[in-house]
Amino acid sequence: MTMIKKLLGALALSLTCTVAGAAEGGYALERAPDRMNDMAALQNGAKLFVNYCLNCHSANSMRYNKLTDIGLTEEDIKKNLLFSSDKVGDLMKIALTPEMGKKWFGAAPPDLSVIARAKSTNLGPSGADYIYTYLRTFYRDASRPTGWDNLVFPSVGMPHAMWERQGGVTLHRTTVAQEAKDDGSKEWVKTTATYDPAGFSDVKKEVLADYTGHATDSVKLEPVNAKAAAKYDSDVADLANFMDWMAEPVQLERKKIGVGVILFLLLFFAVAWRLNSVFWKDIK
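Residues numbered from 1 in each chain as written. Predicted model: local features only at pLDDT ≥ 70, side-chain atom pairs only at ≥ 80, totals over all residues. Heavy atoms only, no water.

A.B. asks: Help me out: how do you make sense of the overall build of the protein chain in this one?
C.D. replies: Counting its secondary structure elements, the protein chain contains nine helices and eight strands. Taken over C-alpha atoms, the radius of gyration comes to 25 Å for the protein chain, far larger than the 19 Å a tight globule of 284 residues would show. Put simply, of all contacts in the protein chain between residues at least 6 apart along the chain, 62% involve residues at least 24 apart. Element-wise, carbon and sulfur atoms account for 58% of the exposed surface of the protein chain, whose accessible area totals about 17,900 Å². (Helix = DSSP H or I, 4+ residues; strand = E, 2+ residues; numbered from the N terminus. Rg over C-alpha atoms; globule rule 2.2 N^0.38 Å. Contact = heavy atoms within 4.5 Å. Areas by Shrake-Rupley, 256 points an atom, 1.4 Å probe, with all protein chains shown as cover.)

A.B. asks: Teacher, can you tell me more about helix 6 (residues 127-134) here?
C.D. replies: The buried count for helix 6 comes to eight of eight residues, which makes it a mostly enclosed element. Those residues of helix 6 not exposed but buried are Gly127, Ala128, Asp129, Tyr130, Ile131, Tyr132, Thr133 and Tyr134. Of the surrounding secondary structure, the elements contacted by the buried residues of helix 6 are helix 5 (115-118), strand 3 (138-140), strand 4 (148-150) and helix 8 (226-247). (Buried < 20%, exposed > 50% of the residue type's maximum accessible area, 1.4 Å probe, protein only.)

A.B. asks: Where do I start with unusual backbone geometry in this structure?
C.D. replies: For residues besides glycine, phi is generally negative; the peptide bonds are generally trans as well. You will see that Leu123, though not glycine, has its phi angle at about 55°, which is positive. Summarising the element assignment, Leu123 is placed in the loop between helix 5 and helix 6. Relative accessible area serves as the criterion here: at 74%, Leu123 is assigned to the exposed category. At Ser155, a residue that is not glycine, the phi angle is positive and equals roughly 60°. Relative to the elements of secondary structure, Ser155 occurs in the loop between strand 4 and helix 7 (163-166).

A.B. asks: Sorry if this is basic, but what is going on with the environment of Leu48 here?
C.D. replies: Here Leu48 lies in helix 2 (residues 39-53). Separated by 190 residues in sequence, Leu48 and Asp238 place their C-alpha atoms 8.5 Å apart. When residues no more than four places from it in sequence are discounted, the contact partners of Leu48 are Cys53, Met162, Arg165, Asp235 and Leu239.

Encoded structure:
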């Protein structure tokens, strides 16, 4: 009984931490399209990763020849993806050192081998959801050192590497929050901010004297070129799925094995239940 109580307590604690993490997550994450079984999408994601991510970020736990698991041949890898190494069996390393990264960006760019697993939550958004939303919520901000900011990761040191594929965006943000007055008291203020595609902002404030509601934050990203933005969203979905696959290349096989194990256990339970009934039927 004590062991059961401990297990139930651990489960309750896990669920509590999950809910707390979701509540503190800031910007709401969007669900990434599931393309884990789409080899063409994963191959496109691999191409985007090598061309746009594997300049500042490494993937030291992944070898190039592992990409054969998503349908690429070693010749494909050598011809189209092998830029920083000579052998398909090499790890996905980069020339940028942590010291150089910290000097240029304020912090060393993290290794992305298992970033999708690191950003996933129990019973909540997956790492692919995080990457998908993160890469689609960059906007120009001329006041930032890199000229860019992000809704998922405010004040991020990373510039928007894929901005040319997405095209320009205009950010519209309206917040209602309490601000301190000169005498120390607080008042409700509505702030409307617009960041144009060049990163210049137009901020307007309005005091809400009779406001009785709660704090709100409404954000809208408006693309300059809707067609380019839609294509970019699809590319980002491919990239997010590839990075999710890279974090655990055997996950598809693991899931298949898991289904087989569950079916076996259910069959074994049915057999054991029938044997138990037959064994005890004559015992009063």
